[in-house]
Each structure stands twice: as C-alpha cells, then as structure tokens.
Amino acid sequence: GIPAGSAAVSIAPGEADGRETLSVQGTAGTNAFVSLFWSFRGTMQVTMLADGPAPRRFDYRRDINGAPYATTIDFADGTAHGVYEHRGVRQETE
C-alpha cells in the first residue's frame, strides 16, 4: 500500500488536416522517496483519427535516472516512421 509514484491521463477532441482527432496525453513519475533510488518521469501523447480510430502520431518522452529517452512514431500514407533517441544516438525505422 505505499504509493511509489503517480500518473494522469487526459483525452481531448481535436482536428488535423480537416479530420476529427482524439488526443490522449499522459504523465507518470516516481515520488520523491522512490526517486532517491530510481527516478522516472515520463510523458506521452498519442493523436489518432476519430473516425477509425487510426493512429496518426505517437510521442513518448521519458527521463530515467537523469538520462533522456524519446520515441516518436508518425503514421502517414499507410507507413510508419519511427525515431528513437537516447544519449545522442538516433535510430530511425520505416
């Protein structure tokens, strides 16, 4: 029963390229005590078409023990383009 951290999620309507979208945003992190041993802070955002729902963009950024990580995936024209970044290294995947 002792909480190690907290998280929150929100969902909001939007529009992109003249189409209705849903934007899902979330945050998470360890509390101050747990962060003394292992720190985590993260945010994510997903945008999807409301009439599918079909993914449009995924963005996940986090900081683990002071090291930043980022993962982004863009969905367009039936393909997905992903980028992963950590410690100055960038990897792209199609």
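Preceding block: the structure.
Note that the structure is predicted; figures quoted are calculated from it, not measured.

S.K.: Looking at this model, I keep getting lost on the side chain of T47. Mind explaining?
M.R.: Position of T47 among the secondary structure elements: in strand 3 (residues 40-49). Every residue in contact with T47, bar those within four places of it in the chain, is listed here: T21, L22, S23, P55, R56 and R57.

S.K.: Which parts of the structure should I look at to understand the side chain of R62?
M.R.: With respect to the helices and strands, R62 occurs in strand 4 (residues 54-64). Although R62 is buried, it makes no salt bridge; D59 carries the closest opposite charge, 7.6 Å away. From its side chain, R62 meets the backbone oxygen of Y60 in a polar contact 3.0 Å long. A distance of 3.1 Å separates polar atoms of two side chains, one belonging to R62 and the other to T71. Once you skip the residues sitting within four places of it in the chain, R62 turns out to touch F40, R41, G42, A67, P68, Y69, A70, T71 and Y84.

Definitions and cut-offs
Residues numbered from 1 in each chain as written. Predicted model: local features only at pLDDT ≥ 70, side-chain atom pairs only at ≥ 80, totals over all residues. Heavy atoms only, no water. Helix = DSSP H or I, 4+ residues; strand = E, 2+ residues; numbered from the N terminus. Contact = heavy atoms within 4.5 Å. Buried < 20%, exposed > 50% of the residue type's maximum accessible area, 1.4 Å probe, protein only. Lys, Arg positive; Asp, Glu negative; His and termini not counted. Salt bridge = Lys/Arg side-chain N within 4 Å of Asp/Glu carboxyl O. Polar contact = N/O pair within 3.5 Å; in protein donor to acceptor, adjacent residues only side chain to side chain.

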